[in-house]
Amino acid sequence: MIRNYFLVALRNLVRNKSASFIKIISLSVGMICFTIISLFVYHELSYDKFHKNPERVFRIVKDFVNEDGTRLPDATTPPALAVFLQKDIPEVEHVTRVFPGWGRKYLFQYADKRFFEERVYRVDSSFFDVFTFPFVKGDAKVSFKELNSVLLTETSARKYFGNDDPMGKIMSTDVGDLMVTGILKDLPQNSHFHFDFLISIRKIGGNIDADWGFYNFYTYVRLKPQASPLAFQSKLQPLFKKYQPDNDNQYYAQALTDIHLKSKLKWELGTNGDYSYVRILSTIALFTILLAAINYVNLVTAQSARRAKEIGVRKVSGAVKSVLVKQFLIESLIMATVATVISVAVVESILPLFADLFNSTLSFFDPQNINVLLMVLGVGLATGILAGLYPAFYLSSFQPVKVLKGSLTGFGGDSFLRKGLVTFQFVISTVLIIGTVVISGQVSFIRNKKLGFSKDNILLIHNARGLSNRNALLMEIKKSSGVINAGAADGVLGGQNWTSSVRAKDHDNSLLLNFLSIDYDFLEVMGVNFLQGRNFSRNTQADSAATILNMTAVKDLGINEDEVIGSQINEGSDENPEYYTVIGVIDDFHFTSFHDPIKPFGFFLIEPRVNTLFVKINTENLTGSIAEIQNVWTKLVPDRPFEFTFQDEQVAKLYASEVKFQTLFTNFTYVAIIIACLGLFGLSAYTAQQRTKEIGIRKVLGASVFGITQLLSKEFLKLVLLGVAISIPIAWYAMHEWLQNFTYHVELSAWMFIGSSVAAIFIALLTVSFQSIKAAVADPVDSLRNE
């Protein structure tokens with residue numbers, strides 16, 4: 001019996017080649033889209049879950065609280081916090097601190113291998129009590145037994161030691177000689193932070209265990225097995241107030257597995273994802289499967305008349321309804337299985353193309369993704385069953401007497417359903433088209449909006465920390481033919497900067513000021529706009545105790561704009577004030593993403609702290625200019641590698657997630673439109689086929705090609721127009737909510753909706769018209785020959 005089901009199913013699929021092709025391709029395209037998004041979503045949701053019992057691990061973070069009640073969420077904590085978490089909170093099993101390089105590059109050397117390394121973390125010996133990064137060699141319990149220990153990842157070990165065993169070897173570094181005591185597996189891509197080397201946090205020096213003011217550490221805890229996270233959370237703020245009663249900062253805990261998608265704090269250890277994007281893409285994945293299933297239901301029910309006589313004969317011959325239901329479900333499952341196999345093969349072959357977009361190399365056959373493969377196979381089969389249920393019960397319910405009399409045409413009770421499904425398809429498609437237009441407009445707005453400083457043609461040269469001949473180096477670089485100007489700072493606009501609590505003298509307002517330490521030429525290189533006052537001057541010795549503020553800082557400090565030049569701010573405590581005189585006010589500039597409002601920013605002339613050179617270059621001979629600068633560096637700094645990036649690359653990182661989201665959203669919108677058009681194409685082809693004789697008669701009676709095309713297209717166009725009308729308010733609400741995530745964004749305008757609607761209508765009309773025109777130009781003799 002089963003064999004007979006399959007033979008009949010295959011015979012029907014082959015007999016209706018064009019319809020079967022559209023069904024399979026539609027399901028395949030939908031499954032490909034669903035599969036790619038599923039891999040991406042699963043990867044995003046898997047961050048940090050590879051650790052043992054990750055639900056027991058939390059990161060402690062805090063909000064800086066200003067006197068006006070405003071908060072600045074920040075991921076860093078003082079080092080003393082960890083000591084008292086372990087001592088005073090019984091729910092805590094282990095605590096560890098992490099101190100990253102903060103942009104510093106460490107010099108590592110073994111034999112003739114010598115490199116500057118940035119991904120060097122200092123950690124407590126309890127690091128592996130909280131995190132379970134697997135060892136290749138060594139033991140977590142004794143790896144940091146000695147202060148001068150270093151742990152390497154597999155890749156770092158090969159970089160310095162090749163195939164030799166690194167264990168026990170001594171590496172020379174600029175923080176002393178270190179002995180290799182362990183080799184770790186390379187960190188998984190789905191870790192929220194990444195390192196290449198681990199050294200002891202004790203090498204920082206000083207009594208960090210009692211320091212509550214050094215906000216440069218990350219604190220993680222592992223709770224005891226039966227501990228309540230809520231109880232632990234409730235004890236954090238009282239603990240802090242116990243030891244820092246005069247400090248209003250607010251402390252709280254983040255679940256380790258929430259950090260990647262749900263944390264957007266200042267000083268994150270890595271580039272985090274966005275949970276809202278994951279939800280939106282997941283919705284698109286479900287819609288694409290739904291659209292493909294709708295196509296299947298529409299095409300099967302539309303072809304009901306063609307199968308009616310077969311069903312009538314089989315019923316007269318004794319076939320019961322359950323047998324016919326099984327027959328049609330098997331046909332549906334065969335098509336769904338073929339589509340699923342095609343989708344898996346296609347996705348696996350094209351996944352490398354998505355590596356840069358996903359920041360990860362994904363594969364079905366990675367052990368971590370085997371669950372995705374099983375889910376995709378399950379969804380494929382479920383789609384086949386669910387998509388086939390209605391056609392199966394609908395077709396098997398035909399009454400054999402009516403069928404064999406020829407009174408059933410296939411356009412009866414299912415017509416309303418088909419119209420509703422077509423309308424629904426174009427509701428989804430138009431919403432996605434509008435979404436693509438709005439998202440693209442926002443990304444374009446971000447890319448083109450003036451930031452308030454120059455980002456183009458500025459070379460950032462790293463490794464300049466602590467150079468004794470930095471001024472001489474800058475002088476020589478400025479002499480290079482392709483260099484316009486050069487300066488230096490201890491951070492990057494759009495990247496690393498520092499914060500400090502400041503108060504204007506004789507004013508009550510205090511605020512958390514973002515700031516950079518710079519040299520005399522930095523602001524000129526960056527092209528900021530001075531509203532009042534002047535830049536730092538080499539001819540004014542007092543500028544070593546001066547500052548330049550942005551307009552937001554002036555307003556938030558409560559300083560009168562007419563009196564700001566010459567006013568003073570206190571960067572120290574009331575007992576030990578450190579006053580800086582305001583000598584200039586610059587226009588506000590965007591140094592964070594467009595999600596956040598512009599915050600107070602200041603610049604201080606502290607040349608010894610600078611670590612990055614900013615070189616404005618002429619792009620007429622970019623390669624030659626960089627080579628000339630490199631020659632100067634090699635001559636004056638022979639012991640350090642020449643490493644550089646560009647300022648515009650740093651700015652691009654601020655909206656990298658939006659660009660990625662735009663690319664994904666746009667591509668999957670195309671997929672949804674293709675699926676909708678395939679269904680419309682199939683339905684219009686079948687409608688034209690069913691009305692072949694009517695069209696022939698109309699042509700014989702003098703109907704024009706345009707008139708017949710209009711006749712065949714009119715019904716579908718009405719459905720598309722209805723779908724577009726329904727989609728507009730849905731899209732407006734969805735995009736309005738999405739734009740609220742940005743402080744600075746485009747405004748929703750009528751042209752976005754009108755243009756998208758016209759595009760949807762044009763696409764639908766083009767799809768339907770192809771079949772309509774084809775039917776209209778056919779020779780009526782062919783259709784009427786048998787009459």
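Everything quoted here is computed from the prediction, not taken from an experiment.

1. Overview of unusual backbone geometry
Part 1 of the argument: One non-glycine residue, A111, lies in positive phi territory at about 55 degrees.
Part 2 of the argument: By the element assignment, A111 lies in the loop between β4 (106-110) and β5 (113-117).
Part 3 of the argument: Taking the relative accessible area as the measure of exposure, A111 reaches 58% and is therefore exposed.
Part 4 of the argument: Unusually for a residue other than glycine, W267 sits at a positive phi of about 70 degrees.
Part 5 of the argument: Among the secondary structure elements, W267 is positioned in the loop between α7 (259-262) and α8 (275-302).
Part 6 of the argument: Residue classification places W267 among the buried positions, given a relative accessible area of 17%.

2. Details of the packing of aromatic side chains
Part 1 of the argument: Per the counting criterion, the structure on display carries 50 aromatic pairs.
Part 2 of the argument: For the pair F64 and Y215, a centre-to-centre distance of 5.2 Å together with 65 degrees between the ring planes defines the contact as edge-to-face. Of this pair, F64 sits in strand β1 (residues 57-65) while Y215 sits in the loop between β11 (197-200) and β12 (218-223); the two residues are 151 residues apart in sequence, bridging distant segments of the chain. This pair shows no difference in class: F64 is buried, exactly as Y215 is.
Part 3 of the argument: Their ring planes at 45 degrees and their centres at 6.1 Å tell us that F522 and F603 sit as a pair that is tilted. Taken together, the residues F522 in helix α16 (residues 522-526) and F603 in strand β22 (residues 601-605) connect sequence positions 81 residues apart.
Part 4 of the argument: Through successive ring pairs, a cluster of aromatic residues spans F50, Y121, F127, F128, F131, F133, F135, F193, F195 and Y220.
Part 5 of the argument: We note K159 situated over the ring of F115; from NZ or CZ to the ring centre the distance is 4.5 Å.

3. A closer look at the side chain of S143
Part 1 of the argument: Along the chain, S143 turns up in the loop between β7 (135-138) and β8 (149-153).
Part 2 of the argument: Its relative accessible area of 1% is what places S143 among the buried residues.
Part 3 of the argument: Side-chain polar atoms of S143 contact the backbone oxygen of D139, separated by 2.5 Å.
Part 4 of the argument: With residues up to four places along the chain from it excluded, the contact list for S143 reads F135, S149, L151 and T181.

4. A closer look at the environment of M167
Part 1 of the argument: Assignment of secondary structure puts M167 in the loop between α5 (154-161) and β9 (170-173).
Part 2 of the argument: Placed 16 residues apart in sequence, M167 and I183 show a C-alpha to C-alpha distance of 7.9 Å.
Part 3 of the argument: Excluding residues that lie within four positions of it along the chain, M167 makes contacts with K137, G138, V180, T181, G182 and I183.

5. A few points about the pattern of salt bridges
Two side chains bearing opposite charge may form a pair once their charged atoms approach each other closely.
Part 1 of the argument: Across all of its chains, the model carries 23 salt bridges by this definition.
Part 2 of the argument: For R119, the salt bridge identified is with D196, shortest N-O distance 3.1 Å. With a gap of 77 residues between them, R119 in the loop between β5 and β6 (120-123) and D196 in the loop between β10 (178-184) and β11 connect regions that are remote in the sequence.
Part 3 of the argument: Since its relative accessible area comes to 38%, R119 is described here as partly exposed.
Part 4 of the argument: A residue is classified by how much of its surface remains accessible, and D196, at 16% relative accessible area, is buried.
Part 5 of the argument: Notably, a salt bridge pairs D165 with K137, separated by 3.1 Å at the nearest N-O pair. One end of the pair, D165, is in the loop between α5 and β9; the other, K137, is in strand β7, with 28 residues separating them in the sequence.
Part 6 of the argument: The partly exposed category is assigned to D165, whose relative accessible area is 37%.
Part 7 of the argument: Ionic contacts of the salt-bridge type, sharing partners, join the residues K87, D88 and K242 into one network.

Cut-offs used in this document
Residues numbered from 1 in each chain as written. Predicted model: local features only at pLDDT ≥ 70, side-chain atom pairs only at ≥ 80, totals over all residues. Heavy atoms only, no water. Helix = DSSP H or I, 4+ residues; strand = E, 2+ residues; numbered from the N terminus. Buried < 20%, exposed > 50% of the residue type's maximum accessible area, 1.4 Å probe, protein only. Phe/Tyr/Trp six-rings, centres within 6.5 Å; stacked < 30°, edge-to-face > 60°. Lys NZ or Arg CZ within 6 Å of the ring centre and 35° of its normal. Polar contact = N/O pair within 3.5 Å; in protein donor to acceptor, adjacent residues only side chain to side chain. Contact = heavy atoms within 4.5 Å. Salt bridge = Lys/Arg side-chain N within 4 Å of Asp/Glu carboxyl O.

Shape descriptors only; they carry no functional weight alone.
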